[in-house]
Amino acid sequence: MPHAINVTDVRRLLADGAQLVDVLPARAYAVDHLPGAINIPLTTLSRKSTAQLTRDQAVIVYCHDHQ
């Protein structure tokens, strides 16, 4: 179930093997993204596009637009 987390939670989850997903469009992702993040643009988010994610690990989804 989705819920908001803070920076401390992100660091802990990543240390425990969480997957980091940036949902910005590919161009924005190419310009700037967090290290280790994979890109699944929000407009393509589907069962098929998320098949690359490991089901038994937490997933952190984020979107940060610098504009």
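Here, every reference points to the structure presented above.
Residues numbered from 1 in each chain as written. Predicted model: local features only at pLDDT ≥ 70, side-chain atom pairs only at ≥ 80, totals over all residues. Heavy atoms only, no water.

Okay, the pattern of salt bridges next. Once the charged atoms of two side chains with opposite charge are near each other, the side chains can pair. Evaluation of the coordinates by the stated rule reveals one salt bridge. The partner of Arg12 in a salt bridge is Asp9, with the nearest N and O atoms 3.8 Å apart. Residue Arg12 and its partner Asp9 are located together in helix 1 (residues 7-15), separated by three residues, close to a single helical turn. A relative accessible area of 44% places Arg12 in the partly exposed class. (Salt bridge = Lys/Arg side-chain N within 4 Å of Asp/Glu carboxyl O. Helix = DSSP H or I, 4+ residues; strand = E, 2+ residues; numbered from the N terminus. Buried < 20%, exposed > 50% of the residue type's maximum accessible area, 1.4 Å probe, protein only.)

To continue, consider the sheet that holds strand 3 (residues 59-62). Read from one edge of the open sheet, three strands run 2-1-3, paired in parallel fashion. Each of the sheet's edge strands pairs with one partner strand only, and the pair in question is strand 2 (38-39) and strand 3. As judged from the two bridges shared by strand 1 (residues 19-22) and strand 2, these two strands associate in the parallel manner. Within strand 2, the residue paired with Asp22 across the bridge is Asn39. (Pairing = 2+ DSSP bridges.)

Glancing now at the side chain of Ser49. Here Ser49 is to be found in the loop between strand 2 and strand 3. A polar contact of 2.8 Å, which involves the side chain of Ser49, links it to the backbone oxygen of Thr44. Only 2.8 Å separates the side chain of Ser49 from the backbone nitrogen of Ser46, close enough to count as a polar contact. Once you skip the residues sitting within four places of it in the chain, Ser49 turns out to touch Ile40 and Thr44. (Polar contact = N/O pair within 3.5 Å; in protein donor to acceptor, adjacent residues only side chain to side chain. Contact = heavy atoms within 4.5 Å.)

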